[in-house]
Amino acid sequence: MRKIRTHFTWALLISGLLFAFSATAMAQKTSIINSPHNLSAAGPGAIRATTEQEICIFCHTPHNSSPIQPLWNRNVPTSAYTVYSSNSLQARPGQPTGSSKLCLSCHDGTIAVGSVLSRQQPIAMAGGMTTLPPGHSNLGTDLSDDHPISFRYDAALSVQDPKLKPPSILPASIKLDANQELQCTSCHDAHNDENGAFLVMDNSRSQLCSSCHQPGNTTIVQHEQCATCHQMHTAPSAALLLKGVNSSQTCLTCHSSTPSATPGQDISADLNKFTRHDVPVVAPMMPLSETASQTSAACGDCHEPHSMQSGTASAPLKSPKLGQVSGVNAAGAAIPAAQFEFEVCFKCHTTEVAGSNPIPRKIVQTNTRLEFAPSAVSFHPVEVAGKNSDVPSLRVGLTNASVIYCTDCHSSDTSKVAGASGPNGPHGSNVPFLLSGRYETTDNSAESTAAYDLCYRCHDRASILGDQSFSSHSKHIVDLKTPCSVCHDAHGVSSAQGNSVNNSHLINFDTRVVQPDTVTGLMEYRLLGPRTGQCSLTCHGAAHSPLAYPTGVEPGGAAPAGIRSAVRRPAARPTVRPGSK
């Protein structure tokens, strides 16, 4: 009798505790009762039973459960899954195991939600639904577009992949299973929806993600939240786990003209211009050709979004807005983190397709890296200051020691670099060759501020047309309507092909306009001294056999035999001032 009374007392105590627990849980968000996992008829979500009142039965049963803890009330999937795989992944996920397989008994869509072991017939669900509807909840059997699971997360893995934190410092809320494998339950607590999406901890400012991952240290606010770009389940980009089909499309969800876009960062407008770094449907690295109106490069080829910083830099240092992106250095070696902007450009603009140069030159060079090399004969000062110490045409603010960026010339025509208000960078331009300003290359073009806008941003127009650096600039550009590009190769002339006598001052003739001299058979320029030289060639039908500049007199001596003056300007001409046409 005493034994019966004791059992009765325990029963009352347990019943009271369960009642108290239930009453408290009903009022708490942490309870499964008020979460989407309450699939009973009284559940708050769209997926619920027609009449079933029990809550736990959809996963658990106290009797006749499967031999799987904790008192599992469902069949375990027998499907073979396509698991996550990536070339950059050090972990090796296998087929789902442990608690992950239990979660998939609902979330892979192969077993009816109402199919439980404790009932002979499946529990009827509202609307005749059987499995979870397509979407984030129904992952299917292809897990290649979902965060990897069922892999061993140990110290050895964090050593292999420095972007993973050692498991020893994981927060207590993130649990690995007995085999030290990361499972669905490492990130999700099926009974607690306090943090949304059943996450085990608050993920604002990516606290959950950054508990395991340490991809970089960005100061861009939007980039601090992983969920801005990444989608952990059924991601359109598959292994990249991005919200877009590739990195570029993901970037454009913010960097566009949509209402949710970042003000002043409408990159999508530039990517619709005549010449652009086009965003591909997929994201391969492809050689870029300046002759094509469209070139293909993913945003991630130039930007590393996890380490991007706000702020500015001075040439040639890389802008912090590019992040710790990889590059190719001046020696041609691949480097994991570029220091200079030109190293990022060299990743693609080293070996171009033969014949891709839009201007056919006497010296053909398809490797831009060699054109800008400090050892080159002459070059625009992208890597180091230029070799020429006598450049009187430089505008105020520039000196012979100045260094410039590739993007000072190759950028959007509506960018801040171009004097407008749009984003900087070589995303796209309505000017050919992805230039930020007009650079006329068609022979017989009338000179104007607009025609050579790009050149005149650094070189003072009045100085050029006043013949301060070359006695016949105005004759060629104004009188003969010869573009700058006919004589000058804007990038430079490599030392492997040119020399300081024939190719100083970026001299490399456009062969559409300049041909060999019919008398000497030569097509060359020769430097004779400071601001002095001679040409042997045929241009616009006129033979230079040869012609000397400025007067045909060599420094310190008489003109070589046969050299005639090339200065044939009108006796008087008006002074040209900046801004005039």
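Residues numbered from 1 in each chain as written. Predicted model: local features only at pLDDT ≥ 70, side-chain atom pairs only at ≥ 80, totals over all residues. Heavy atoms only, no water.

A. Molecular detail of the overall build of the protein. Counting secondary structure elements, the protein contains 13 helices and 14 strands. Counting the 581 residues in the protein, one finds 41% classified as buried. A separation of at least 24 residues holds for 50% of the contacts in the protein among residues at least 6 apart in sequence. For the protein, the accessible area works out to roughly 29,400 Å², and carbon and sulfur atoms hold 59% of it. (Helix = DSSP H or I, 4+ residues; strand = E, 2+ residues; numbered from the N terminus. Buried < 20%, exposed > 50% of the residue type's maximum accessible area, 1.4 Å probe, protein only. Contact = heavy atoms within 4.5 Å. Areas by Shrake-Rupley, 256 points an atom, 1.4 Å probe, with all protein chains shown as cover.)

B. Focus on the confidence of the model for the protein. When pLDDT is averaged along the protein, the result is 86; 85% of the residues meet or exceed 70. Counting contacts from residues 281-295, a segment whose pLDDT is below 50, to residues more than four positions away or on other chains yields 36 contacts. (pLDDT = per-residue confidence, 0-100.)

C. Region of the structure containing the nonpolar core. Ranked by internal contacts, the top residues of the largest apolar core, which has 17 residues, are Phe151, Tyr153, Leu157, Ile174 and Leu208. Those residues within four positions of Phe151 in sequence are excluded, and the remaining contacts are Ala91, Arg92, Pro93, Leu157, Gln180, Glu181 and Leu182. (Core = buried A, V, L, I, M, F, W, Y, C linked by side-chain atoms within 4.5 Å.)

D. Representation of unusual backbone geometry within the structure. Cis peptide bonds are those with omega within 30 degrees of zero, and the linkage from Ala315 to Pro316 qualifies with 5°. Here Pro316 is to be found in the loop between β4 (294-296) and β5 (327-328). Following Tyr549, the chain continues to Pro550 via a peptide bond in cis, the omega torsion being 5°. Relative to the helices and strands, Pro550 is located in the loop between β13 (542-549) and β14 (564-565). Unusually for a residue other than glycine, Ser150 sits at a positive phi of about 55°. As for its position among the elements, Ser150 is in the loop between α2 (98-107) and β1 (151-152). The phi dihedral of Asn444 falls on the positive side, at around 65°, and the residue is not glycine. By secondary structure assignment, the location of Asn444 is in the loop between β8 (428-429) and α11 (453-456). For Asn444, a relative accessible area of 56% puts it in the exposed group.

E. How the structure looks around the packing of aromatic side chains. Applying the stated rule across the entire model yields 4 aromatic pairs. Seen from their ring centres, Phe340 and Phe342 are 5.3 Å apart, and the 10° between their planes marks the pair as stacked. Since its relative accessible area comes to 21%, Phe340 is described here as partly exposed. Classification of Phe342 as buried rests on a relative accessible area of 5%. Ring centres of Tyr452 and Tyr456 lie 6.3 Å apart, and the angle between their planes is 80°; on these two criteria the pair is classed as edge-to-face. Owing to a relative accessible area of 0%, Tyr452 belongs among the buried residues under this scheme. Each residue in the set Phe340, Phe342 and Phe346 is aromatic and connected to the rest through ring pairs, giving one cluster. (Phe/Tyr/Trp six-rings, centres within 6.5 Å; stacked < 30°, edge-to-face > 60°.)

F. The pairing of strand β12 (residues 532-539), seen in detail. Counted residue by residue, β12 has 8 buried out of 8 residues, so it is predominantly covered. Note that strand β10 (residues 514-515) and β12 share 2 bridges and pair antiparallel. Within β12, the residue paired with Gln515 across the bridge is Thr538. Counting the residues between successive antiparallel strands, the hairpin from strand β11 (residues 524-529) to β12 contains 2 residues, one of them, Arg531, with a positive phi of roughly 55°. (Pairing = 2+ DSSP bridges.)

G. Region of interest: the environment of Ser393. Here Ser393 shows up in the loop between β7 (378-379) and β8. Along the chain, Ser393 and Tyr456 lie 63 residues apart, while their C-alpha atoms are 9.3 Å from each other. If we ignore the near neighbours within four places in the chain, the residues touching Ser393 are Cys458, His459, Asp460, Ser463 and Ile464.

H. Focus on the side chain of Asn192. Assignment of secondary structure puts Asn192 in the loop between α4 (184-187) and α5 (209-212). A distance of 2.8 Å separates a polar atom in the side chain of Asn192 from the backbone nitrogen of Glu194. For Asn192, the contacting residues outside a window of four places in its chain are Thr30, Phe198 and Leu199. (Polar contact = N/O pair within 3.5 Å; in protein donor to acceptor, adjacent residues only side chain to side chain.)

I. Just the environment of Ser411, in detail. For Ser411, the position within the fold is in the loop between β7 and β8. A relative accessible area of 0% places Ser411 in the buried class. Discounting residues that sit within four places of it in the chain, Ser411 has contacts with Asn424, Gly425, Pro426, Gly428, Ser429, Leu434, Leu435 and Ser436.

J. View of α2. When α2 is considered as a whole, its buried residues turn out to be Ser100, Leu102, Leu104, Ser105 and Cys106. Its buried side turned inward, α2 meets α4.

K. Molecular detail of the pattern of salt bridges. Taken as a whole and judged by the stated rule, the model has 12 salt bridges. Of the charged contacts in the structure, one is a salt bridge between Arg152 and Asp154, with a shortest N-O distance of 3.0 Å. The exposure class of Asp154 is buried, given its relative accessible area of 16%. Ionic pairing is found between Arg461 and Glu447, a salt bridge with its closest N-O pair at 2.8 Å. With Arg461 in helix α12 (residues 461-465) and Glu447 in the loop between β8 and α11, this residue pair connects regions lying 14 residues apart in the sequence. The two residues Arg461 and Glu447 agree in class, both being buried. Here the salt bridges share partners, and the residues they tie into one network are Glu52, Glu54 and Arg119. (Salt bridge = Lys/Arg side-chain N within 4 Å of Asp/Glu carboxyl O.)

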